[in-house]
2 protein chains.
Amino acid sequence: MRLSKRGEYGLRAMIILAEPVEKNAMPVVQIKEIAEREKISAKFLEQILLALKNAGMLHSKMGVGGGYYLARSASEITLGQIFRVLDGPIAPINCVSQMSYEPCGCPDEQTCGLRLVMGDVRNAIADILDNTSLADVTKRQNTVRKKLGIK
Amino acid sequence: MRLSKRGEYGLRAMIILAEPVEKNAMPVVQIKEIAEREKISAKFLEQILLALKNAGMLHSKMGVGGGYYLARSASEITLGQIFRVLDGPIAPINCVSQMSYEPCGCPDEQTCGLRLVMGDVRNAIADILDNTSLADVTKRQNTVRKKLGIK
DNA sequence: TAAAAGACTACTACTACTATAGACTTTATA
DNA sequence: TATAAAGTCTATAGTAGTAGTAGTCTTTTA
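Given the structure is predicted, the values throughout are model-derived calculations rather than measurements.

## Notes on the protein's contact with DNA strand C
Around DNA strand C, the structure places 29 residues, and the nearest of them are Glu46, Lys53 and Tyr68 of chain A together with Lys43 and Gln47 of chain B. A share of 60% of the atoms of DNA strand C within 4 Å of the protein falls on sugar and phosphate groups. A distance of 2.6 Å separates a phosphate oxygen of DNA strand C from a polar side-chain atom of Lys53 of chain A. At a separation of 2.2 Å, a base oxygen of DNA strand C approaches a polar side-chain atom of Lys43 of chain B. Of all the elements, helix α3 (residues 42-54) of chain A adds the most residues to the surface near DNA strand C, at six residues. Among the residues forming the surface near DNA strand C, the class breakdown is nine nonpolar, eleven polar and nine charged.

## Observations regarding the protein's contact with DNA strand D
The immediate surroundings of DNA strand D are formed by 28 residues, with Lys43 and Gln47 of chain A together with Glu46, Lys53 and Tyr68 of chain B found nearest. Considering the 4 Å shell around the protein, atoms of DNA strand D inside it are sugar or phosphate in 60% of instances. Take Ile31 of chain B: an N or O atom from its main chain is 3.1 Å from a phosphate oxygen of DNA strand D. Among the elements of the structure, α1 (5-23) and α3 of chain A together with α3 (42-54), β1 (58-61) and β2 (67-70) of chain B are those that each provide at least two residues to the surface near DNA strand D. Per element, the largest residue contribution to the surface near DNA strand D is five residues, and it comes from α3 of chain B. Of the residues contributing to the surface near DNA strand D, the split by class is ten nonpolar, ten polar and eight charged.

## Description of the relation of the copies chain B and chain A
Take chain B, turn it by 180°, move it 0.0 Å along the axis, and it overlays chain A with an RMSD of 0.0 Å. Such a turn and shift between the copies fits a two-fold axis. No C-alpha of chain B approaches the rotation axis more nearly than that of Met1 of chain B, which lies at 2.4 Å. Interface overlap between copies: 100% of the residues of chain B at the interface are likewise at the interface in chain A, consistent with a symmetric, same-surface contact.

## Digging into the packing of aromatic side chains
Residue and element names in this part refer to chain A. Under the defined criterion, the tally for this structure stands at two aromatic pairs over all chains. Ring geometry for Tyr9 against Phe44: centres 5.8 Å apart, planes inclined by 80°, an arrangement best described as edge-to-face. With Tyr9 in helix α1 and Phe44 in helix α3, the pair connects residues that are 35 residues apart, well separated along the chain. Residue classification places Tyr9 among the buried positions, given a relative accessible area of 16%.

## Here's the deal with the interface of chain B and chain A
The extent of an interface is frequently quoted as the accessible surface area lost upon association of the parts. On the side of chain A, 45 residues touch chain B, which itself brings 45 residues to the contact. Roughly 4,000 Å² of surface becomes buried between chain B and chain A when both sides are summed, with 64% attributable to carbon and sulfur atoms. Counting across the interface, chain B meets chain A through two salt bridges. Between Arg140 of chain A and Asp120 of chain B there is a salt bridge, and its shortest N-O distance comes to 3.0 Å. Across the chain B-chain A interface, the total number found is eight residue pairs in polar contact (both at pLDDT 80 or more). Looking at the side of chain B that touches chain A, the elements that each hand over two or more residues are α1 (5-22), α2 (31-38), α4 (79-87), α5 (113-130) and α6 (134-148) of chain B. For the side of chain B that touches chain A, the residue count by class is 28 nonpolar, seven polar and ten charged.

## Let's talk about the pattern of salt bridges
Residue and element names in this part refer to chain A. All told, the structure shown has 16 salt bridges over all chains when counted by the stated rule. Residue Glu46 is joined to Lys43 by a salt bridge in which the shortest nitrogen-to-oxygen separation is 3.5 Å. With Glu46 and Lys43 both in helix α3 and three residues apart, this pair spans about one turn of that helix. Judged by its relative accessible area of 59%, Lys43 falls in the exposed class.

## So, the environment of Ala124 of chain B
Mapping Ala124 of chain B onto the fold places it in helix α5. The spacing of Ala124 of chain B and Leu134 of chain B is ten residues in sequence and 19 Å in space, taken between C-alpha atoms. Discounting chain neighbours no more than four positions away, the residues touching Ala124 of chain B are Ala124 and Ile128 of chain A.

Criteria and thresholds
Residues numbered from 1 in each chain as written. Chains lettered and ligands numbered in written order. Predicted model: local features only at pLDDT ≥ 70, side-chain atom pairs only at ≥ 80, totals over all residues. Heavy atoms only, no water. Near = heavy atom within 4 Å. Polar contact = N/O pair within 3.5 Å; in protein donor to acceptor, adjacent residues only side chain to side chain. Helix = DSSP H or I, 4+ residues; strand = E, 2+ residues; numbered from the N terminus. Nonpolar A, V, L, I, M, F, W, Y, C, P; charged D, E, K, R; others polar. Least-squares fit on C-alpha atoms with pLDDT ≥ 70 in both. Contact = heavy atoms within 4.5 Å. Phe/Tyr/Trp six-rings, centres within 6.5 Å; stacked < 30°, edge-to-face > 60°. Buried < 20%, exposed > 50% of the residue type's maximum accessible area, 1.4 Å probe, protein only. Buried area = accessible area lost by both parts, 1.4 Å probe. Salt bridge = Lys/Arg side-chain N within 4 Å of Asp/Glu carboxyl O.

Shown next, in the form of structure tokens:
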């Protein structure tokens, strides 16, 4: 049940982009900065952020002092939205996908045991990803930091 | 969050192998029979069943009248066990894997927001797959069939 | 007008997935 | 005891997706 590197880097980047908003800091962050902080190839990250931009989740500013920033508030962007842009459907198998259903070719879909269980799995994952916003993530990070007495 | 064809076919086959036990029928089922019923390549399925056999989940009988049968009772084999043999770890990302942990290289694992959420996802999937046995699946199939008045 | 930033496209290396093929072994039974 | 039915095992091949590189273009600010 792998998350791709593309998905991983994209989610990490979005979480980073959600942080300054909370701190009321200058919200524009550059590719290079994220890449260095997460030790990721800047060129690869560039493609990922571009995809998120084209999906309407990020805005950008070109030229000197430019960079990326969230298109909506961190509480309005869910991990599920980001995931689907970068890694496609959440469902483990197409016949239980809400967003891109396809028959799987089993003899009888209605009574297919695998389908019933994978439907549960899909819902469990979607429940988490669709109900966790970037704001929830940064909030949780801060809670853990405080608990550990970091920063 | 894809389930591979290998995993899909293996799970389907195991569910089929769990059915005759319940019906007190002759428990030995041949590759060919499963392949035809599920419209799968018999040669591909062969490799999958062999892997499950080598993992101790299936026994087999060679020669005329031979075939495969469950090594343990259907209630003692979980979907999680089968999944791990065929598709590897359940965790979306290695740093939250129980069975095969590996650091993911993020600056601080303890306070990594992505890791916290993906840990939840891992647990949600594992909760389902590790607590669903083959017997649970066949039971559920029969419940649906009765409800629909099939067979 | 130069430098800093993103936009866009093409391409490449690698790996994993999905099979296919074939030769071999075991077993029942005619 | 010969034959056919079944699983065993290993090699290989095509394909698609993943992860990343490279290079050129465009926009913006100082």
